Amino acid sequence: MIAKRPWWKTVLGLVFTALMLFPVYWMVNVSLTQTSDLRRNPPHLFPVNLTLDGYEAVLQQQLPALGTSLMIGFGCVVLTVLIAAPAGYSLGLLRLRGRTTLTFLLLVAQMIPAVVMAMGFYAIYVRLGLLNTIPGLIVANSTIAVPFAVLLYTAFMAGLPREMLQAARVDGAGAWRAFTAIVLPLSRNSTITVALFAFLWAWSDFIFASTLNRNGDLIPITLGIFNYIGNNTTQWNAIMATAVVASVPAAVLLILAQRYVAAGVTAGAVKD
Amino acid sequence: MTTTQPTASALSPLRGAAPPPGPRRRPRVSATQWTALGFAAPLLAYLGFFYAYPLWRNIDLSLHDYNVRAFVQGDAEFVGFANYADVFASPIFVTALTNTVIFTLASIAVQYTVGLALAVFFRGSFRLSGTLRAMFLVPWLLPLIVSASTWSWMMNSDNGLINSVLRAFGGDGINWLTSPDYSLTAVIIANIWLGIPFNLVILYAGLQNIPGDIYEAASLDGAGPARTFTSITLPLLRPVSAITLLLGLIYTLKVVDVIWIMTTGGPANSSVTLAVWSYREAFGTGRPDFSPAAAVGNLLIVIALVFGFLHLRFQRRQDES
């Protein structure tokens, strides 16, 4: 590429980004608006007499929901990694017979609509008494992440040199020891990507929460916002403040782990 | 669930699956296979319990006449394909199917076009390009309820920002979410916004794989930007484009939450898609009707699988070439 860096592209890029992120800005703006100004026409484009009332409402009403979402998110990460990492080891390095069929099934699994899974889980949970429970939601949410995680681990571990395993065996290490002492540490980046997406998907989930946890005492934050919209449509500043708080994990991850995010999005869609 | 969730395709293990070199005795191989099976066991159990079983329950639901009471007691009457027949005969079916087609095609066409334009724009690096590209991921990372409720408020008839801008320019406000003429457009707009980041990231990665020399050679031959785009970028990007569009299609077919949060499929079914219809029958009303909902859901699986197989065949062919 030519080393010249045209400044007009930077300006244009800033304009595009501003347009794209405008709804996000608007969410923050509304969250800081006084209730009396919410119905102003035209609305203030910048927060004039800003107020933190909305955030106060979040602290008073939504803290349990935030805690529930955190628990579900972390539970989902643990469950996903526990299942996917050994499976990736088996498929990618130990070359399990029938792995072609299994990877195929995992690809198909990713195409199943969440509504369908939700109905199936509902039918099962009704009998088992798992409706409105956190473990129930953790399991349901993990179905979004597990196929993705297995495929990601498999793709990475298949690229590891197999001689390494043989060397480990010569040194007297069994398959389990090779897995925990060599393969897992080497797969650190894959684990970060998997954990990040498993958390984010569980945190953002609406469909499973709204079907499997409709009457629970402990509802996740997504459902908290949804109920909020249904109950009091006048307090949009409080709704938007909750939305801002619910967006914090996404923002943190984007800042701290941007390259893992990009790695996850493109995994598989583009060959390198 | 996010509209556009990345799919990891495990092509690499399939590709490099040549048998390991070196002498190997038979008992060793089978011992390794037992170990491999042991490590895969949690996944196999997981797929059985949490994928196969719910899916089987879903098929079971669609073949019986389930209501809430039968649900708990498990004595629903077997009705064969009657639920499917009811679904096809329902007046909502045609509406939902038409809306699904419009919603899906309009969403992916615009997402792809805008995503490609942005990817080309970001191709040459310039100051801040990396940071700005990262910022474009934000809509995709936000929980859907957040984006959907923000759009709802922006599209509010009386107090929404979009209408106040329209009025400021002398136009009339539009009842985005409450008029049957505009509700589908409204949810399409929000969904396009959600999908642009995914398209941008994948197409940008695809562009990075086109060698820079080709562009240099083209510019030495005197090709302008338009010519470069049509003769180099588009043809070389075709495999990536196809995958992006197919994945977009599969994900857009499944979308429930954006539409449900913004319009609940209304007013008067004007923004109902097959997925939303299924959700509404099962969970959206006071009286859950699981059997038709399951039938619609299974129909949706079939449609998604058809495109899914296209996607897999395409990838395999690309892999062989």
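What counts, and at which threshold
Residues numbered from 1 in each chain as written. Chains lettered and ligands numbered in written order. Predicted model: local features only at pLDDT ≥ 70, side-chain atom pairs only at ≥ 80, totals over all residues. Helix = DSSP H or I, 4+ residues; strand = E, 2+ residues; numbered from the N terminus. Buried ≥ 20, exposed ≤ 12 C-beta atoms within 10 Å, placed from the backbone. Contact = placed C-beta atoms within 7 Å. Axes fitted to C-alpha atoms, helices over the stretch in contact; angles between N-to-C directions. Parallel < 35°, antiparallel > 145°, perpendicular 65-115°, else oblique. Left-handed = near helix turned anticlockwise from the far one by under 90°. Nonpolar A, V, L, I, M, F, W, Y, C, P; charged D, E, K, R; others polar. pLDDT = per-residue confidence, 0-100. Core = buried A, V, L, I, M, F, W, Y, C linked by C-beta atoms within 7 Å.

Participant: Can you tell me about the overall build of chain B, naming the residues and giving the values?
Facilitator: Each helix and strand in chain B was counted, giving 16 helices and 2 strands. Burial status across chain B gives 45% buried among its 321 residues.

Participant: Go over the overall build of chain A with me, naming the residues and quoting the values.
Facilitator: Each helix and strand in chain A was counted, giving 13 helices and 0 strands. When the helices and strands of chain A are listed from N to C terminus, the series reads α-α-α-α-α-α-α-α-α-α-α-α-α. When the backbone C-alpha atoms are referred to their principal axes, chain A occupies close to 75 × 65 × 30 Å. Counting all 272 residues of chain A, 52% fall into the buried class. Restricting to contacts in chain A with at least 6 residues of sequence separation, those with at least 24 account for 80%.

Participant: I'd like to hear about the packing of helix 2 (residues 53-61) of chain A against helix 12 (residues 236-256) of chain A, residue by residue, with values.
Facilitator: Residue and element names in this part refer to chain A. Contact geometry of helix 2 with helix 12 gives a least axis separation of 8 Å together with a crossing angle of 65°. Between helix 2 and helix 12, the interaxial angle falls into the category roughly perpendicular. Here helix 2 runs over helix 12; the crossing is right-handed. Where helix 2 abuts helix 12, its residues D53, G54, Y55, A57 and V58 lie against N237, A238, M240, A241, T242 and V245. Looking at side-chain class alone, the contact of helix 2 with helix 12 contains 7 nonpolar, 3 polar and 1 charged residues.

Participant: So what's going on with the confidence of the model for chain B? Residues and values would help.
Facilitator: Residues and elements named next belong to chain B. Per-residue confidence for chain B averages 85 on the pLDDT scale, and 89% of its residues sit at or above 70. Per-element confidence in chain B ranges from a low mean pLDDT of 37 for helix 1 (residues 11-15) to a high of 95 for helix 5 (residues 91-123). Note on residues 1-27: pLDDT is under 50 here. Beyond four places in sequence and across chains, it has 65 contacts. Interface predicted TM-score (ipTM) for the complex: 0.88; the corresponding pTM is 0.88.

Participant: Describe the interface of chain A and chain B, naming the residues involved and giving the relevant values.
Facilitator: Contacts between the two partners involve 100 residues from chain A, matched on the other side by 96 residues from chain B. Tallying contributions element by element places helix 1 (residues 7-31) of chain A first for the side of chain A that touches chain B, with 13 residues. A class-by-class count of the residues in the side of chain A that touches chain B yields 69 nonpolar, 22 polar and 9 charged.

Participant: Could you give me a rundown of the confidence of the model for chain A, with the residues and numbers involved?
Facilitator: All names here are of chain A. Per-residue pLDDT for chain A has a mean of 87; in total, 95% of the residues score no lower than 70. At the low end of the mean pLDDT range in chain A sits helix 13 (residues 258-266), at 73; at the high end sits helix 3 (residues 63-93), at 95. When the criterion is pLDDT under 50, residues 268-272 qualifies, and its contacts beyond four places in sequence or with other chains add up to 16 contacts.

Participant: Explain the environment of A202 of chain A to me, using residue names and the numbers behind them.
Facilitator: Residues and elements named next belong to chain A. Here A202 shows up in helix 9 (residues 188-204). Each C-alpha atom of the pair A202 and I72 lies 6.7 Å from the other, and the pair is 130 residues apart in sequence. Among all residues touching A202, those that are not within four sequence positions of it are I72, G73, C76 and N141.

Participant: So, the nonpolar core: which residues are in play, and what are the values?
Facilitator: Membership of the largest hydrophobic core comes to 177 residues, with the highest contact counts inside it found for M119 and A198 of chain A. With 17 residues, helix 6 (residues 134-158) of chain A is the largest single contributor of residues to this core. Excluding anything up to four places from it in sequence, M119 of chain A contacts N58, L61, A282, F290, A293, A294 and G297 of chain B.

Participant: Requested: an account of unusual backbone geometry, with residues and values cited.
Facilitator: Positive phi is not limited to glycine here, since R95 of chain A has a value of about 50°. Structurally, R95 of chain A can be placed in the loop between helix 3 and helix 4 (99-109). Judged by the 18 C-beta atoms lying within 10 Å of it, R95 of chain A falls in the partly exposed class. For T264 of chain B, which is not glycine, the phi dihedral falls at a positive 50°. Within the secondary structure, T264 of chain B is located in the loop between helix 14 (257-262) and helix 15 (274-284).

Participant: Give a description of the environment of W193 of chain B that names residues and reports values.
Facilitator: Mapping W193 of chain B onto the fold places it in helix 10 (residues 183-208). Apart from the residues lying within four places of it in its own chain, the contact partners of W193 of chain B are P23 of chain A together with P139 of chain B.

Participant: Can you tell me about the environment of G73 of chain A, naming the residues and giving the values?
Facilitator: All names here are of chain A. Here G73 is to be found in helix 3. By C-beta crowding, G73 is classed as buried, having 23 other C-beta atoms within 10 Å. Remark: the alpha-carbon pair of G73 and T154, spanning 81 residues in sequence, is separated by 23 Å. In this structure G73 touches F199, A202 and W203, once residues within four positions along its chain are discounted.

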